[in-house]
Amino acid sequence: MSDTIFGKIIRGEIPVDLVYEDDLTLAFKDINPQAPIHILVIPKKPISKLDEATIEDQALLGHLLLSVKKVAQQVGLSNGYRVVCNNGVDGGQTVDHLHFHILGDRLMSWPPG
Ligand code: AMP
């Protein structure tokens, strides 16, 4: 997979507002927030999108979702939140590195745009 802005963030080449880090995961504030709390949770492993994940990534994907939950608790989203994973062109994905959006601190509407 080719390098992305998230690859640069993982290597520390671009500063972010870091919220959480462990050996497999980074979480940082979205630069263009769509809610009062908008955090991105990404794997350090370069996987371009959910469609590119394989059975080898099964444990990592579970770890990422549990990291989403941990981060949401850490920032106090006790009343709920939305988790979004845009996949590919029609999914509206703009950065080709797998990531989960955590959106919260406001009531979300449905359907999404
Ligand atoms: P997506 O459209 O699902 O691919 O989401 C990519 C997200 O990355 C968007 O919400 C952008 O605002 C966010 N983003 C892009 N560059 C940065 C950056 N340098 N720091 C934080 N968030 C970023």
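Bear in mind that the values here come from a model prediction, so they are computed numbers and not experimental data.

Glancing now at the UniProt feature "domain: HIT" (unreviewed entry) in the chain. In the UniProt entry, the feature "domain: HIT" (unreviewed entry) is given for residues 5-113. The straight-line gap between the two end C-alpha atoms of residues 5-113 is 25 Å; of that span, 21% is helix and 22% is strand.

Turning our eyes to something else, we now look at the site of the ligand. The ligand sits among 16 residues. The nearest are Asp 30, Asn 86, Thr 94, His 99 and His 101. With respect to the ligand, the side chain of Asn 86 contributes an N or O atom lying 2.8 Å from an oxygen atom. Taking a 2 Å distance to the grid points as the criterion, the majority of the atoms of the ligand fall inside the largest pocket. When residues of the shell around the ligand are traced back to their parent elements, those giving at least two are α1 (5-10) and β2 (25-29). With three residues, α1 is the largest single contributor of residues to the shell around the ligand.

All right, on to the environment of Asp 22 then. Mapped onto the elements of the fold, Asp 22 is located in the loop between β1 (18-21) and β2. On the basis of relative accessibility, which here comes to 14%, the residue Asp 22 falls in the buried class. Sequence separation between Asp 22 and Ile 10 is twelve residues, and the spatial gap between their C-alpha atoms is 12 Å. If we ignore the near neighbours within four places in the chain, the residues touching Asp 22 are Lys 44, His 63 and Ser 67. Among the polar contacts made by the side chain of Asp 22, one reaches the main-chain amide nitrogen of Thr 25 at a distance of 2.8 Å. Here His 63 takes part through its side chain, which lies 2.8 Å from a polar atom of the side chain of Asp 22.

Of all hydrophobic cores here, the largest spans 16 residues; its most connected members are Ala 27, Ile 39, Val 41, Leu 64, Val 71 and Ile 102. Elements that contribute at least two residues to this core include exactly β1, β3 (37-43), α2 (58-74) and β5 (100-104). When residues in this core are grouped by element, the largest group, five residues, is from α2. Filtering out sequence-adjacent residues up to four positions away, Ile 39 remains in contact with Val 19, Ala 27, Phe 28, Lys 29, Asp 30, Val 71, Val 75, Phe 100, His 101 and Ile 102. In terms of nonpolar packing, the next biggest core, distinct from the first, is built from seven residues, Phe 6, Ile 9, Leu 26 and Phe 28 among them.

Reading the values: rules and limits
- Each chain carries its own residue numbering, running from 1 in the written order of its sequence.
- The model is predicted, so local features are restricted to residues of pLDDT at least 70 and side-chain atom pairs to those at 80 or more, both for listing and for counting; the totals for chains, interfaces and linings are taken over all residues.
- Water and hydrogen atoms play no part in the side-chain values, which are based on all heavy atoms of the structure.
- UniProt positions are given in the numbering used here, feature names are shortened, and annotations may be inferred rather than shown by experiment.
- The helix count covers DSSP runs of H or I at least four residues long, the strand count covers runs of E at least two residues long, and both are numbered beginning at the N terminus.
- Note on terminology: near, applied to a residue and a molecule or strand, indicates that one of the residue's heavy atoms is within 4 Å of it.
- Polar contact is defined as a pair of N or O atoms within 3.5 Å, subject to the rule that within protein one atom must be able to donate a hydrogen and the other to accept it, and that residues adjacent in sequence are counted only when both atoms are side-chain atoms.
- Any residue with an atom within 4 Å of a point lines the site, the site being either a cavity, points on a 1 Å grid over the protein atoms alone where a 1.4 Å probe fits but cannot get out, or a pocket, an open set with protein on both sides within 12 Å along at least 5 of 7 lines.
- Any molecule with more than half of its atoms within 2 Å of a cavity's or pocket's grid points is counted as sitting in it.
- With a 1.4 Å probe rolled over the protein chains alone, any residue whose accessible area is under 20% of its type maximum counts as buried; one over 50% counts as exposed, and the rest are partly exposed.
- Residues count as neighbours in contact if any of their non-hydrogen atoms are within 4.5 Å of one another.
- We define a nonpolar core as any set of buried Ala, Val, Leu, Ile, Met, Phe, Trp, Tyr and Cys residues linked to one another through side-chain atoms lying within 4.5 Å.

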